[in-house]
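# Overview (structure and organization)
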Amino acid sequence: MALAIAWLAGALYTPAASAEDGYDLWLRYRPVEGVRADAYRMRVSRLVAGDAMPTQAVTRAELLRGLGGLLGAAPPLSEAAADGAVVVGTPMSSPSIARLGLELGDLGRDGYLIRSVTLDGHAATVIAANEDIGALYGAFHFLRLLQTGQSIERLDVREAPRVKLRVLNHWDNLDGHVERGYAGASIWDWHKLPDWRAPRYADYARANASIGINGTVLNNVNADALVLTPMYLEKAAALADVFRPYGIRVYLSARFSAPIEIGGLETADPLDPQVQRWWRDKAEEIYRTIPDFGGFLVKANSEGQPGPQDYGRSHADGANLLADALAPHGGTVMWRAFVYSDEEPDDRAKQAYSEFVPLDGEFRDNVMVQVKNGAIDFQPREPFHPLFGAMPDTPLMMEFQITKEYLGFATHLVYLGPMWEEVLRADTHARGEGSTVAKVIDGSLHDHRLTGMAGVANIGSDRNWSGSHFDQANWYAYGRLAWDPELSSRSIAEQWVRMTFSGDDSFVATVVDMMMGSREAAVDYMTPLGLHHLMGSNHHYGPGPWLGGGPRTDWTSVYYHRATRAGIGFDRTASGSNAVAQYAPPVAREFGDLETVPEEFLLWFHHVPWDYRTQSGRPLWDELVHRYTRGVDYVRGMRETWRGLAGDVDPERHAQVAAFLAIQEKEAQRWRDASIAYFQGISGLPLPEGYAPPPHSLEYYESLEFPYAPGSGR
Ligand code: BDP
């Protein structure tokens, strides 16, 4: 009987949507239904779009594919306007657009407009730009309007990116391992390149172009000099060929000691004429192979990487060496500020500022200094990096980490949009109130034309690209924020959910709410109240607040939390490391004063006793326990919410998200329990009433090992 009922239930069950594996990302183009579809069809009766140039061809192909999917059939191509025509191009490529005499002047190379117009007496829609690439971006925008169910009746859209270089940083090694990668192996099949160009490369380019990404650094910042040898340059050139129509330039991470390793020189000293010649020749060779090569990304004198300081030279000497080699070809150097020397500083958080601020103004025009969002290392929460606003004469590039090295890898649902928004909106006070990080990055604060944002990619060879369906949202949000750093993370999430899952309003609201709180939840169950850098060593998987010893104290957890029987937190005020003084005075005052420091940064800047009274009225110890627990509860809530959405998502994706949320709950619980067990051993305080004690001893949590956790550095 039971079996029969089960069979019947199975037979009657029809999935809400067709099976999907996530490969299509947010470019699914599933059919629009109902009255909206009819309204769209009226406005999209034919497509007027050229294909004389490669970018034009991919633009047209994308529109045919997208509109074909969304409307059930691709609109016919036509030469001339008619009612409902969609006309795409530039004044150069399209006589109709030229005749309209549109104001395109201020849109630059990448901008576009989308407008409802009357063209030769017909009601039409134009997607117009100065350059083909702008038209491609406009086409993606137009498709997005349909994908998110918006009206296309009276369009008047004008868009231009606020940031010039919108770049992904792949931390991919030449052997296919991705450092901090949680989505499988590298998508670059170096061994088969240049002859085999996997179709996936073009889909990668489409996805990136759809969100405005226009550059990609192919290899890890912990670079292998081999990538600069002719054999690998040929391979990189093949990728550049695939990406070119989509407006994406290829960059490479350059190992500073390459002149020694692959050039046979004795030194890599930036002031040595032979070294300078070597880089000039190398740049020429690269541009012969890849004519639109973007430039170099460099990690130097950091975590054991070679650099100019090995020869007593400065970061500016090093960056300028490469900049001079690239300058004749129009290339850019992205020189990373994530540095810390072999000698232990009194506070690692201070080091980048101390080394770089004195060099402000010494870099060549084609150098950008690439700065992580916070001064330590992509933690669940950090105050904005004090370098932002502090180097007015140097264009600073933002470096965000899309891959979730410190945020639960691929299995934790953590939407990073709110974290990035928090950083971008932070006020540096560099030129008075309103000097936000976003304005440093888009160049408006200090009047820089060279601007950029980098995101450490979360892309791998997993079928769903990012290791989990929800991590696709982080790739998407990164691209959108690189285009416009002032967008709201909520509106980005909303778009993404509509395109990725469903346009049902109540579904969208539920999922967006869940996403918006997910980062705060991770902060809660991992490192609440300004704690940081407490994860397992090297792989960074799970809690390790007990870690001490080892080669250097600033790689340990105890260095960062400084918990004793008396209290907890890193004193970065004047009575401690005084890192707070690296901020502009109003910010330094705010962070440095216990009365005004935002509570989320309390233990980042202050060492306080366990009974310190927090804003809730609870003593600090109780507040910590409360927050750890709240974080786990949030994840439990996400599981329930998601369970309730089973009918709204295709079963495959629903099941994987559900399974990952279960993993997340287990791991969040472990973070909470291990952290409480450890800190309770130090504070010696009882748990506040109503909070469950950790089910295991501290020794148990300390004994857990994860030898093959993915993504470790090598
Ligand atoms: C750290 C990573 C390490 C990177 C380093 C970097 O753990 O794998 O090489 O940053 O950004 O977060 O250079």
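Residues numbered from 1 in each chain as written. Predicted model: local features only at pLDDT ≥ 70, side-chain atom pairs only at ≥ 80, totals over all residues. Heavy atoms only, no water.

Per an unreviewed UniProt entry, the chain goes by Xylan alpha-1,2-glucuronidase and derives from Luteimonas salinilitoris. You can read under Subunit (unreviewed entry) in the UniProt record for the chain the words "Homodimer." (UniProt positions renumbered as here; feature names shortened; annotations may be inferred.)

## A closer look at the pattern of salt bridges
In this structure the tally under the stated criterion is 50 salt bridges. With a shortest N-O distance of 2.8 Å, D347 and R572 are connected by a salt bridge. Of this pair, D347 sits in the loop between β10 (332–336) and α11 (351–356) while R572 sits in the loop between β14 (567–568) and α18 (585–592), and the two are 225 residues apart along the sequence. The partner of R498 in a salt bridge is E494, with the nearest N and O atoms 3.8 Å apart. Here R498 and its partner E494 are both found in helix α15 (residues 489–500), 4 residues apart, which amounts to about one turn of the helix. (Salt bridge = Lys/Arg side-chain N within 4 Å of Asp/Glu carboxyl O. Helix = DSSP H or I, 4+ residues; strand = E, 2+ residues; numbered from the N terminus.)

## Overview of the pairing of strand β11 (residues 367–372)
Within β11, 6 of the 6 residues are buried, which leaves it mostly tucked inside the rest of the structure. Both faces of β11 are covered, namely the face carrying V367, V369 and V371 and the face carrying M368, Q370 and K372. With 4 bridges connecting them, β10 and β11 associate as parallel partners. For M334, the partnering residue across the bridge sits in β11 and is M368. Relative to strand β12 (residues 396–401), β11 runs parallel, the two being bridged by 4 bridges. (Buried < 20%, exposed > 50% of the residue type's maximum accessible area, 1.4 Å probe, protein only. Pairing = 2+ DSSP bridges.)

## What to know about the nonpolar core
Of all hydrophobic cores here, the largest spans 218 residues; its most connected members are F142, F243 and W279. Residues in contact with F142, not counting those within four places in the same chain, are V44, L63, L67, V86, I114, T125, I127, I152 and L155. A81, V87, L119 and A124 belong to the second-largest nonpolar core, a separate cluster that totals 14 residues. (Core = buried A, V, L, I, M, F, W, Y, C linked by side-chain atoms within 4.5 Å. Contact = heavy atoms within 4.5 Å.)

## Describing the packing of helix α6 (residues 199–210) against helix α7 (residues 230–243)
It is at 9 Å that the axes of α6 and α7 come closest, and there the two elements cross at 50°. Regarding the angle of α6 to α7, the classification is oblique. Crossing geometry of α6 relative to α7 is assigned as right-handed. Of α7, the residues touching α6 (which contributes Y201, A202, Y204 and A205) are L239, V242 and F243. (Axes fitted to C-alpha atoms, helices over the stretch in contact; angles between N-to-C directions. Parallel < 35°, antiparallel > 145°, perpendicular 65-115°, else oblique. Left-handed = near helix turned anticlockwise from the far one by under 90°.)

## Here we look at the site of the ligand
The immediate surroundings of the ligand are formed by 14 residues, with E179, K299, R336, D377 and E405 found nearest. One nitrogen or oxygen atom from the side chain of R336 is found 2.6 Å from an oxygen atom belonging to the ligand. Taken together, the residues of the shell around the ligand sort by class into 4 nonpolar, 2 polar and 8 charged. (Near = heavy atom within 4 Å. Polar contact = N/O pair within 3.5 Å; in protein donor to acceptor, adjacent residues only side chain to side chain. Nonpolar A, V, L, I, M, F, W, Y, C, P; charged D, E, K, R; others polar.)

## Let's talk about the packing of aromatic side chains
This model, assessed by the stated rule, comprises 42 aromatic pairs. When the centroid spacing of 5.5 Å and the interplanar angle of 55° are considered together, the rings of F470 and W496 count as tilted. Note that F470 is positioned in the loop between β13 (452–456) and α14 (472–483) and W496 in helix α15, a separation of 26 residues in sequence. A residue is classified by how much of its surface remains accessible, and F470, at 6% relative accessible area, is buried. Judged by centre distance (4.8 Å) and plane angle (80°), the ring pair of Y541 and F706 falls under edge-to-face. With Y541 in the loop between α16 (505–526) and α17 (558–561) and F706 in the segment after α22 (698–703), the pair connects residues that are 165 residues apart, well separated along the chain. Accessibility expressed as a relative area gives 19% for Y541, which makes it buried. (Phe/Tyr/Trp six-rings, centres within 6.5 Å; stacked < 30°, edge-to-face > 60°.)

## Notes on the environment of G434
Locating G434 in the fold gives a position in the loop between α12 (417–425) and α13 (437–441). Spatially, the C-alpha atom of G434 lies 39 Å from that of F679, the residues being 245 residues apart in sequence. In this structure G434 touches D427 and K439, once residues within four positions along its chain are discounted.

## Some thoughts on α12
Burial runs high along α12: 7 of the 9 residues are buried. Those residues of α12 not exposed but buried are G417, P418, M419, W420, E421, V423 and L424. Its buried side turned inward, α12 meets β12, α13, β13, α14, α15 and α16.

## A short note on the environment of S466
Inspection of the secondary structure puts S466 in the loop between β13 and α14. For S466, a relative accessible area of 3% gives the class buried. Through-space distance from the C-alpha of S466 to that of S502 is 20 Å; in sequence the pair is 36 residues apart. When near neighbours in sequence (up to four residues on either side) are disregarded, S466 contacts A183, A410, N458, D471, Q472 and W475.

## Examining the sheet that holds strand β5 (residues 156–159)
In space, the 5 strands of this open sheet follow the order β1-β2-β4-β3-β5, with mixed pairing throughout. If you trace the sheet from one side to the other, it starts and ends with β1 (46–49) and β5, each paired once. Ignoring strand direction, the axes of neighbouring strands in this sheet form an average angle of 25°. Of the strands in this sheet, β1 and β2 (85–89) are in contact with helix α3 (residues 54–71), which crosses β1 at around 170°. Along the sheet face, helix α5 (residues 132–147) touches β2, β3 (112–119), β4 (122–128) and β5 and points at about 75° away from the line of β3.

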